[in-house]
Amino acid sequence: MSTSLIYHGFGLKNQKYLKTEFKEGKVFFHIQTKENNLRCSQCGSKKVIKRGSKQRKFRGVPIGLKQVIFIAKVQRLECKECGAIQQEELKYADKKKVIPINLNDM
């Protein structure tokens, strides 16, 4: 598995592949935004400081009969330009359609 499949197979740009897990008939791809692509979600500046992260879970297009789940490490960023402290913006994610995740169940 590679970052190339995440981009070419699923169309997720600027994401780094971390690992794959296979559980309960599902495929879990762990990803995060590449360091050089982290930007302030308020003003777009690259001058940001990481201030922690959370994991979020997103449904992907199935592979055959296997359900695909992306587990994204979402960075909390502080902007040196505008001072905003917010989670990074994920272009591929609709903020209103997050799947609740309990990491202890994985």
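Note that the structure is predicted; figures quoted are calculated from it, not measured.

**Student:** I'm lost on the overall build of the protein chain in this one. Help?
**Tutor:** A tally of helices and strands in the protein chain yields one helix and five strands. Helices (α) and strands (β) of the protein chain occur, in sequence order from the N terminus, as α-β-β-β-β-β. Looking at the 106 residues of the protein chain, the share that counts as buried comes to 31%. Considering only contacts within the protein chain whose residues lie at least 6 apart along the sequence, 49% involve residues at least 24 apart. Total accessible area on the protein chain is roughly 7,100 Å²; 47% of this is exposed by carbon and sulfur atoms.

**Student:** Is there a simple way to explain the nonpolar core in this structure?
**Tutor:** Note on soluble globular proteins: their nonpolar side chains tend to be buried together. Counting residues in hydrophobic clusters, the biggest one holds 13 residues, and the most contacted among them are I6, F29, I31, F58 and F70. Elements with a contribution of two residues or more to this core: strand 2 (26-33) and strand 4 (66-79). If you tally residues by element for this core, the top one is strand 4, at four residues. When residues no more than four places from it in sequence are discounted, the contact partners of I6 are G11, L12, Q15, Y17, F29, I31 and F70. Counting residues in each nonpolar core, the second largest holds six residues, with L38, C40, V48 and L77 among its members.

**Student:** Help me understand the confidence of the model for the protein chain, please; the structure alone is not making it clear to me.
**Tutor:** The predicted coordinates of low-pLDDT regions are not to be read in fine detail. Of all residues in the protein chain, 87% have pLDDT values of 70 or greater, and the mean over the chain is 87. Taken element by element, the predicted model of the protein chain shows its lowest mean pLDDT in helix 1 (residues 3-10) (84) and its highest in strand 2 (95).

**Student:** How do you make sense of the pairing of strand 2 when you look at a structure like this?
**Tutor:** Remember that side chains alternate between the two faces of the sheet whenever the strand is regular. Burial analysis of strand 2 places seven of its eight residues in the buried class, the great majority of the element. Here strand 1 (residues 15-23) runs beside strand 2; their pairing, made up of eight bridges, is antiparallel. In the sheet register, Q15 faces strand 2, and the bridge partner there is T33. Linkage of strand 1 to strand 2, two consecutive antiparallel strands, is achieved through a turn of two residues, within which E24 is found at a positive phi near 50°. Inspection of the sheet shows strand 2 paired to strand 4 by seven bridges, in the parallel sense. When the bridges of strand 4 are listed, Q32 appears paired with K73.

**Student:** I tried to follow the packing of aromatic side chains on my own but got confused; where do I start?
**Tutor:** Each aromatic ring pair is characterised by the separation of its centres together with the angle its planes make. Under the criterion given, the structure shown has four aromatic pairs. Taken together, a centroid distance of 5.5 Å and an interplanar angle of 80° make the contact between F58 and Y92 edge-to-face. Residue F58 is found in strand 3 (residues 48-63), and its partner Y92 is found in the segment after strand 5 (85-87); the two are separated by 34 residues along the sequence. With relative accessibility at 7%, the residue F58 sits in the buried group.

Cut-off values and rules
Residues numbered from 1 in each chain as written. Predicted model: local features only at pLDDT ≥ 70, side-chain atom pairs only at ≥ 80, totals over all residues. Heavy atoms only, no water. Helix = DSSP H or I, 4+ residues; strand = E, 2+ residues; numbered from the N terminus. Buried < 20%, exposed > 50% of the residue type's maximum accessible area, 1.4 Å probe, protein only. Contact = heavy atoms within 4.5 Å. Areas by Shrake-Rupley, 256 points an atom, 1.4 Å probe, with all protein chains shown as cover. Core = buried A, V, L, I, M, F, W, Y, C linked by side-chain atoms within 4.5 Å. pLDDT = per-residue confidence, 0-100. Pairing = 2+ DSSP bridges. Phe/Tyr/Trp six-rings, centres within 6.5 Å; stacked < 30°, edge-to-face > 60°.

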